[in-house]
Amino acid sequence: QVRLVESGGGLVQAGGSLRLSCTQSGRPFMDLDMGWFRQAPGKEREFVAEIRGLEGEYADFVRDRFIISRDNARKTLYLQMDTLAPEDTAVYYCAAGSVTTPSDSHEYAYWGQGTQVTVTP
């Protein structure tokens with residue numbers, strides 16, 4: 001059983017930064033594709049970024065503001081978010097699995113509980 005625990009969310013002003021973390025347990029971390037999704041109130045869950053090796057894939061709206069990375073030794077996934085805007089307000093979820101289409105949430109077998117990110121104007 002894979003367990004994912006996110007942390008690092010919070011309240012930040014527009015233009016600020018946050019770094020989200022996701023710690024995994026239960027399977028060899030290197031075997032998993034790892035991704036970040038987010039869900040804003042009243043909206044569907046949407047893809048943010050995914051990483052398997054060293055390079056990540058990103059949603060268009062990231063626009064070079066976010067960087068996804070992973071530390072295989074610590075079994076931890078990160079999302080560095082800079083130049084945050086109010087429209088980035090959402091619950092951010094860590095996801096893991098073996099995927100062929102990184103932006104398809106249905107391909108991820110494991111999910112964390114989410115961490116709230118709130119960006120004020």
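Caption draft 1: Representation of the overall build of the protein chain within the structure. Assigned secondary structure in the protein chain consists of 0 helices and 11 strands. For the protein chain, the α and β elements follow one another from N to C terminus as β-β-β-β-β-β-β-β-β-β-β. For the protein chain, the C-alpha radius of gyration of 13 Å lies close to 14 Å, the compact-globule estimate for 121 residues. Over its C-alpha atoms, taken along the principal directions, the protein chain stretches across nearly 40 × 25 × 25 Å. Taking the intrachain contacts of the protein chain between residues at least 6 apart in sequence as the baseline, contacts between residues at least 24 apart amount to 57%. Entry remark: accessible area of the protein chain is about 6300 Å², with carbon and sulfur atoms responsible for 48%. In the protein chain, which carries 12 positive and 16 negative side-chain charges, the distance between the mean positions of the two groups comes to 7 Å.

Caption draft 2: Representation of the state of the cysteines. If you walk through the whole model with that rule in mind, you get 1 disulfide. Between C22 and C94 runs a disulfide, and the two sulfur atoms are separated by 2.0 Å. Here C22 and C94 share a disulfide; its torsion about the S-S bond, -75°, makes the bridge left-handed. With C22 in strand 3 (residues 18–25) and C94 in strand 9 (residues 90–97), the pair connects residues that are 72 residues apart, well separated along the chain.

Caption draft 3: Region of the structure containing the environment of Q80. Inspection of the secondary structure puts Q80 in strand 8 (residues 76–81). For Q80, a relative accessible area of 25% puts it in the partly exposed group. For the pair Q80 and I67, spaced 13 residues apart in the sequence, the C-alpha separation amounts to 5.1 Å. Every residue in contact with Q80, bar those within four places of it in the chain, is listed here: S17, L18, R19, R65, F66 and I67. Looking at Q80, its side chain comes within polar contact range of the side chain of D82, at 2.9 Å.

Caption draft 4: Highlighting the side chain of D71. The topology assignment puts D71 in strand 7 (residues 66–71). Reaching out from D71, the side chain makes a polar contact with the side chain of R74 at a distance of 3.0 Å. Aside from chain neighbours lying at most four places away, what touches D71 is F29, T76 and Y78.

Caption draft 5: Quick peek at the environment of L4. Examined against the element boundaries, L4 turns out to sit in strand 1 (residues 3–7). A relative accessible area of 4% places L4 in the buried class. As a C-alpha pair, L4 and L77 span 73 residues in sequence and 9.7 Å in three-dimensional space. Discounting residues that sit within four places of it in the chain, L4 has contacts with C22, T23, Q24, M34, C94, A95, A96, Y110, W111, G112 and Q113.

Reading the values: rules and limits
Residues numbered from 1 in each chain as written. Predicted model: local features only at pLDDT ≥ 70, side-chain atom pairs only at ≥ 80, totals over all residues. Heavy atoms only, no water. Helix = DSSP H or I, 4+ residues; strand = E, 2+ residues; numbered from the N terminus. Rg over C-alpha atoms; globule rule 2.2 N^0.38 Å. Contact = heavy atoms within 4.5 Å. Areas by Shrake-Rupley, 256 points an atom, 1.4 Å probe, with all protein chains shown as cover. Lys, Arg positive; Asp, Glu negative; His and termini not counted. Charge placed at Lys NZ, Arg CZ, Asp CG, Glu CD. Disulfide = S-S within 2.5 Å. Buried < 20%, exposed > 50% of the residue type's maximum accessible area, 1.4 Å probe, protein only. Polar contact = N/O pair within 3.5 Å; in protein donor to acceptor, adjacent residues only side chain to side chain.

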